[in-house]
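Results of the structural survey
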Amino acid sequence: MSGKLFHNGIFSVFVPEGWNCFYGIDSEGNTSPKKLHIYKDAQTEFDVFSKAGLTICYYGKGEYFLSPKFFYDDVQDLEPFVCGKHRWEGYTCTSLGYPYTMLTAMSDNATFYVMVLTENGEHQISLQDGDVRSILESIEACE
């Protein structure tokens, strides 16, 4: 599978060919390396509003993570699964009418929270897609 390894000093992740990545913003509106958008067919940062993709949020050791599960509609739990070095737990849901798959993986040094926007207009992805699996299995915290 072709693509590139994205490494920001906090975590690394594989970005498949045809996908692009952009930093997200924190709660104060600042660009944050702890939040990364990886979207299929995205050309600019604004494509996160019109394409399907993943948002990876990193919480380091000592940072508190609280699942926002109770904020969403139509929540359905998923069976935990192993992909890459992580055991992922999660659920499907809708947020403002958009379908998501939300995943969490915890280790001794980090928690990863991944929001998969599975459908946006005619753009669709799923957990079964090879590209999505390659992204999930590649996520790794820097030591």
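The present account deals with the structure reproduced in this document.

Cut-offs used in this document
- Residues numbered from 1 in each chain as written.
- Predicted model: local features only at pLDDT ≥ 70, side-chain atom pairs only at ≥ 80, totals over all residues.
- Heavy atoms only, no water.
- Helix = DSSP H or I, 4+ residues; strand = E, 2+ residues; numbered from the N terminus.
- Buried < 20%, exposed > 50% of the residue type's maximum accessible area, 1.4 Å probe, protein only.
- Pairing = 2+ DSSP bridges.

On to the environment of Ser107. With respect to the element layout, Ser107 can be found in the loop between β9 (98-106) and β10 (110-117). Take Ser107: its relative accessible area is 39%, and that puts it in the partly exposed class.

A few words on the pairing of strand β8 (residues 86-95). Relative to β8, strand β6 (residues 73-77) runs antiparallel, the two sharing three bridges. When the bridges of β8 are listed, Asp77 appears paired with Tyr91. Pairing geometry for strand β7 (residues 81-83) and β8, over three bridges, is antiparallel. Directly across from Cys83, in β8, lies its bridge partner His86. Counting the residues between successive antiparallel strands, the hairpin from β7 to β8 contains two residues, one of them, Gly84, with a positive phi of roughly 70°.

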